[in-house]
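# Survey of secondary and tertiary structure
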Amino acid sequence: MTLTISARFSQQLPFAVRQLPLLRQLLDSVQQRGHWRGGVRLRGHKQLSNHSPIRSLPVAGLELAIPLTHGRSQAQACVQVGQRVRKGEVIGDGPAGTVWAHASTSGVVTAIDDCPVADGEQRQPAVRIAADGLDEWAPPCHPDGPLTPGLLAAFAMQMGLVGLGGAGFPTGLKLQGASPDTLLINGAECEPFLTCDDRLMRERAGEIIAAAALLASVFAIGRVRIGVEPNKPQAIAALRQAAAGHERPIEVLPLPLRYPAGGQPLLIKSLTGRTLPPGKLPAEVGVMVLNVATVYALGRAVLHGRPLVSRIVTVSGAVAQPGNVEVPIGLPVASVLAAAQAQGDGCVHVGGPMMGRTLADAGAVVSKTTSGLLVQAGAFRPAAAASRPCIRCNRCVDACPMALRPLQLLSACQQQDRAALQQEQLGACIECGACSHVCPSKLPLRDSFRQAKRTIWLGVRP
Ligand code: SF4
Ligand code: SF4
């Protein structure tokens, strides 16, 4: 009760007063609602890429391959080879529940086949477009009537919106049938090296706040909270400044500076004190959780009529020009790396080093969930270490933010014991890799859990 009253009281204070350092600190400590144990402190390496503004890439003369598949949603190509398309034009659609695909630049369709995707395991159906370099937009597309939750959910699917934080879950499905009392916006970006959300929050805070307010208005949500780790002071300041000028109260709250602060159950805990039980959706505890880039994309779609045709990608590690680049969906990874002047012969890691994966195919293209490209050469090459037997140190247990027992889980994975996996709550594992990170025996904990979910749990053949 004291916390609630204090948090409400803080919102009544003038913005300038709330910025006084000591008062700000006090209010932040009051407003932070829940705690979770575990997690790890990581070296951020954020300074490599967070200094310069978001850049754009010229695409003239390049061929882009725009994927038609997002998770279980598979759009059907609705264009012909030889057809000229403009940026934002629909190139793949389908019945309700399908995430539509759009041309990410203007040009001519050269093929409809399949292509490898940076953060995917299998080739995906795609529409190939030879860019004409004009980058000519199609007319904007607006919702067909006054916005209701149902209409917004359907519109999000037609505008190609998926979660940009990593999982790529269709945004329209997340919005469908939701009646939350709280909107939580994830600006944690707790993975090392990644700074795409940080730069987005610094540079486009006004658009993020406008989109958050729109969502809150459509869904009649009373409370909006944006969680950001305190190692992004400029992003926090920019968001607070944008929110201060807004009639709807939007709180920007610091998260613990501990990986994985952006994990969905942990974010909900930190910002509301509510516990998300394993296997439950955030809607079941009254919250809607969206990544900050997804909210921005939703605002672009609804307020400006622009579908999701590009995303910001952090390029870091062994490159001469690290930074953040706004990349049209479907651009070859090789083009992004060439523009950043990648060095050495190391492999490329897609996403952050904790939850991402190694680029399997050099011919892959950037998808809507490609948050980062980390060139692991020279000083950025990870040290190779062979696994040794477990020494029962319990560090993995201490590090697990989901209060699991990684060692027991590993044993159940190795024995392919479904009952034991159930008992040890494999389903609650968020695959954060904190256990693997601290394990002195370098046991493949997280990788085994990820694999077990696919093979033992879902029956996918390895
Ligand atoms: S990968 Fe799973 S078991 Fe390991 S620390 Fe993260 S949540 Fe816990
Ligand atoms: S951290 Fe590694 S060595 Fe220590 S108990 Fe866990 S699995 Fe065993």
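No experiment lies behind these values; they were computed from the predicted model shown.

## Section: the site of ligand 1
The immediate surroundings of ligand 1 are formed by 13 residues, with Cys400, Cys429, Cys432, Gly433 and Cys435 found nearest. Sorting the residues of the shell around ligand 1 by element identifies α15 (434-438) and α16 (445-457) as the ones contributing at least two each. Counted by class, the shell around ligand 1 contains ten nonpolar, one polar and two charged residues.

## Topic: helix α8 (residues 233-244)
The terminal C-alpha atoms of α8, which comprises twelve residues, lie 16 Å apart, in line with the 16 Å expected from a rise of 1.5 Å per residue. By the burial criterion, the buried members of α8 are Ala235, Ile236, Ala238, Leu239, Arg240 and Ala243.

## What to know about the domain arrangement of the protein chain
Structurally, the protein chain comprises domain 1 (1-31), domain 2 (39-308), domain 3 (309-380) and domain 4 (395-457). Measuring from the centre of the C-alpha atoms in domain 2 to the corresponding centre in domain 4 gives 29 Å. Across the contact, ten residues belong to domain 2 and twelve residues belong to domain 4. For the pair domain 2 and domain 4, the summed buried surface comes to about 820 Å²; carbon and sulfur atoms form 70% of the total. Its largest share of buried area at the contact with domain 4, domain 2 owes to Gly39, Val40 and Pro278, together 39% of the area lost on that side. Our count for the domain 2 to domain 4 interface comes out at zero salt bridges. On inspection of domain 2 and its partner domain 4, the count reaches two residue pairs in polar contact (both at pLDDT 80 or more). In terms of residue class, the side of domain 2 that touches domain 4 is built from seven nonpolar, two polar and one charged.

## Here we look at the environment of cysteine 432
For cysteine 432, the location among the structural elements is in the loop between α14 (418-423) and α15. Leave out the neighbours within four places in its chain, and cysteine 432 touches Tyr259, Pro260, Met354, Met355, Pro401 and Arg446.

## Observations concerning the UniProt feature "binding site: [4Fe-4S] cluster 1" (unreviewed entry) in the protein chain
The feature "binding site: [4Fe-4S] cluster 1" (unreviewed entry), as given by UniProt, occupies Cys390, Cys393, Cys396 and Cys439 in the numbering adopted here. Across 50 residues, the annotated set stays spatially compact, with a maximum C-alpha separation of 10.6 Å. Its location among the elements puts cysteine 393 in the loop between β19 (372-376) and α12 (395-399). Examined against the element boundaries, cysteine 396 turns out to sit in helix α12. By relative accessible area, which is 12% here, cysteine 396 ends up buried.

Quick notes on the rules
- Here the residue numbering is sequential within each chain, running from 1 through the sequence in written order.
- Chain letters and ligand numbers both follow the written order, the letters beginning at A and the numbers at 1.
- The model is predicted, so local features are restricted to residues of pLDDT at least 70 and side-chain atom pairs to those at 80 or more, both for listing and for counting; the totals for chains, interfaces and linings are taken over all residues.
- In computing side-chain properties, one takes all heavy atoms of the structure into account and sets aside hydrogens as well as water.
- Residue proximity to a molecule or strand is established when one non-hydrogen atom of the residue lies within 4 Å of it.
- The way it works is that DSSP assigns letters per residue, a run of H or I at least four long becomes a helix, a run of E at least two long becomes a strand, and they are numbered from the N terminus.
- Basically, the charged four are Asp, Glu, Lys and Arg, the nonpolar ten are Ala, Val, Leu, Ile, Met, Phe, Trp, Tyr, Cys and Pro, and anything else, Gly included, counts as polar.
- To estimate the expected span of a helix, count its residues, drop one, and scale the result by 1.5 Å.
- Relative accessible area decides the class of each residue, using a 1.4 Å probe on protein chains only: under 20% of the type maximum gives buried, over 50% gives exposed, and in between gives partly exposed.
- Note that domain bounds follow an automatic or database assignment of domains.
- Residue contacts are defined here by distance: any two heavy atoms, one from each residue, within 4.5 Å place the two residues in contact.
- What gets called buried area is simply the loss in accessible area from a 1.4 Å probe that two parts show on being joined, summed for both.
- For this analysis, a salt bridge means a side-chain nitrogen from Lys or Arg found within 4 Å of a carboxyl oxygen belonging to Asp or Glu.
- As used in this structure description, the phrase polar contact means that two N or O atoms lie within 3.5 Å; if the pair is within protein, one of them must be able to donate a hydrogen and the other to accept it, and residues adjacent in sequence are counted only when both atoms belong to side chains.
- UniProt positions are given in the numbering used here, feature names are shortened, and annotations may be inferred rather than shown by experiment.

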